[in-house]
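Remarks on the overall topology
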Amino acid sequence: MAEQSLSVFKTTSYQEKPFDHELSFGRTFTDHMFLMDYSEESGWHDARITPYQPLQIDPAAMVFHYAQSVFEGLKAYRSPEGDPLLFRPKQNLARLNQSNDRLCIPQVDEDFLLEALKQLIHIEQDWIPHTEGMSLYIRPTIISTQSFLGVAPSTNYKLIIILSPVGAYYKEGINPVKIAVENEYVRAVRGGTGEAKTGGNYAASLKAQETAGKDGYAQVLWLDGVEKRYIEEVGSMNVFFKIGNEVVTPRLNGSILNGITRDSAMQLLRHWGYDVVERDITIDELYDHYQQGDVKEAFGSGTAAAISPIGQLDWGENKMVFNNGETGYLARNLYDTLMGIQYGQQYDPFNWVVNV
Ligand code: COI
């Protein structure tokens, strides 16, 4: 890939920053953003940090019609000394390229993008919240921008990174969420785009989520798209169940997102001596174990959601309440340990944290 350079154009009008307690998820955006363009002639070029501003895009841009786009989600945290820290950013950039591959989007130079991201975070570091549990969410997105209505990979793209200071993703915070097993709709099928981080997967999830939301559920748990039996993921989180002495999480089968928090949770659990098993697990099997009293706790993992205990999982009339609806031992310990590492307060045995 050709050598790239980064230009920086600073804003002249800085916004007033919100207080940490006013933050929810994804509603506030910082003063600057990163942009980079792709064309067949020049490859990825014109990398720049500019004031945060609306984009001017042709209504015929392919992304509006055929959804050829990918995104990522990672976070910057503030260390006790006040310095910005990133958590496993290389994994996110590698996954971005895996999603690019699936969506026929040209590969990006991961090393260059990491340096550009660090520079953006450095400029925006005052936006990183000071309160534990809060962070600066980083949202890289690539959209197809060629003005063309034929169905084909675009010849032009725009990569955008925006930043958003955030609090908890779920209004419940670290308190257990209530989830419904989705029986009607499916999120993804094997061979489809379920493993890629692409907007279409999330669009496909809205209908079920809307219905479940009206019934008081935080999210739905997706089953596989063919037999509607195998547990997949929640959409904003991967899922784990402590069954007997094992911690079980659905294996990556092509339609489940390869979560970086999922991987971190597995590494920590194994480091602590737990038997973590990645395998197919049907909802019937989970319910059988539940009826036998073997499901000790359930939780989800995700960048936005962090570690989120699942207090109740409703499968039609069958209701499963885990750990009396309270935060379980593993969820609490994973949450505390991940937070400790991410905020630079605790020994990082895996060298996950990257200084900006
Ligand atoms: C994340 O956890 O970063 C995600 O991308 C989930 C989300 C759609 C909020």
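Throughout what follows, the structure given in this document is the object of discussion. (Residues numbered from 1 in each chain as written. Predicted model: local features only at pLDDT ≥ 70, side-chain atom pairs only at ≥ 80, totals over all residues.)

This brings us to the overall build of the protein. Along the backbone of the protein there are 8 helices and 17 strands. Whereas a compact globule of 356 residues would reach a radius of gyration of roughly 21 Å, the protein reaches 21 Å, a difference of no more than 12%. For the C-alpha atoms alone, the extent of the protein along its principal axes is close to 60 × 50 × 35 Å. Taking all 356 residues of the protein together, 43% fall into the buried category. (Helix = DSSP H or I, 4+ residues; strand = E, 2+ residues; numbered from the N terminus. Rg over C-alpha atoms; globule rule 2.2 N^0.38 Å. Buried ≥ 20, exposed ≤ 12 C-beta atoms within 10 Å, placed from the backbone.)

Where helix α2 (residues 89–102) meets helix α3 (residues 110–123), the axes come as close as 10 Å, and the angle between the chain directions of the two elements is 130 degrees. One finds that α2 runs oblique with respect to α3. Considering how the two elements wind past one another, α2 and α3 form a crossing that is right-handed. Of the residues in α3, those touching α2 at Pro89, Lys90, Leu93, Ala94 and Asn97 are Glu110, Leu113, Leu114 and Leu117. Looking at the contact of α2 with α3 residue by residue, the classes come out as 6 nonpolar, 1 polar and 2 charged. (Axes fitted to C-alpha atoms, helices over the stretch in contact; angles between N-to-C directions. Parallel < 35°, antiparallel > 145°, perpendicular 65-115°, else oblique. Left-handed = near helix turned anticlockwise from the far one by under 90°. Contact = placed C-beta atoms within 7 Å. Nonpolar A, V, L, I, M, F, W, Y, C, P; charged D, E, K, R; others polar.)

Along the chain, arginine 139 turns up in strand β7 (residues 135–144). A residue is classified by how many C-beta atoms lie within 10 Å of it, and arginine 139, with 17 of them, is partly exposed. Residue contacts for arginine 139: discarding those within four places in its chain leaves Phe71, Gly73, Ile161, Ile162 and Ser164.

Once that is clear, we can look at the site of the ligand. As a matter of local geometry, the ligand sits amid Gly73, Tyr202, Ser236, Gly302, Thr303 and Ala304. Here the residues of the shell around the ligand are counted per class, giving 2 nonpolar, 4 polar and no charged. (Near = placed C-beta within 6 Å.)

The subject of this paragraph is helix α7 (residues 283–291). Among the residues of α7, Ile283, Leu286 and Tyr290 are the ones counted as buried. Considered in projection along α7, the buried side chains sweep an arc of 60 degrees and stay on one side of the axis. Along α7, the residues that are exposed and aim more than 90 degrees away from the buried face are Asp284, Asp288 and Gln291. Summarising the contacts, the buried residues of α7 are in contact with β9 (177–181), β11 (238–243), β14 (295–302), β15 (306–315) and β16 (318–321). (Arc of directions from axis to C-beta.)

Working note: regular strand, side chains alternate between the two faces of the sheet. Counted residue by residue, strand β12 (residues 246–250) has 4 buried out of 5 residues, so it is predominantly covered. Pairing of β11 with β12, which is carried by 3 bridges, proceeds in the antiparallel orientation. Bridge pairing in β12 links phenylalanine 241 to valine 248. Two successive antiparallel strands, β11 and β12, enclose a turn made up of 2 residues, where glycine 244 displays a positive phi of approximately 60 degrees. Bridge analysis of β12 against strand β13 (residues 275–279) gives 5 bridges, and the strand direction is parallel. Bridge pairing in β13 places valine 248 opposite valine 277. What joins β12 to β13 is helix α6 (residues 260–271), and the crossover it makes is right-handed. (Pairing = 2+ DSSP bridges. Right-handed = clockwise from strand over helix to strand, strands pointing away.)

What follows covers unusual backbone geometry. The backbone phi angle of lysine 228 is positive, close to 50 degrees, even though this residue is not glycine. By the element assignment, lysine 228 lies in the loop between β10 (219–221) and β11. Residue classification places lysine 228 among the partly exposed positions, given that 16 C-beta atoms sit within 10 Å.

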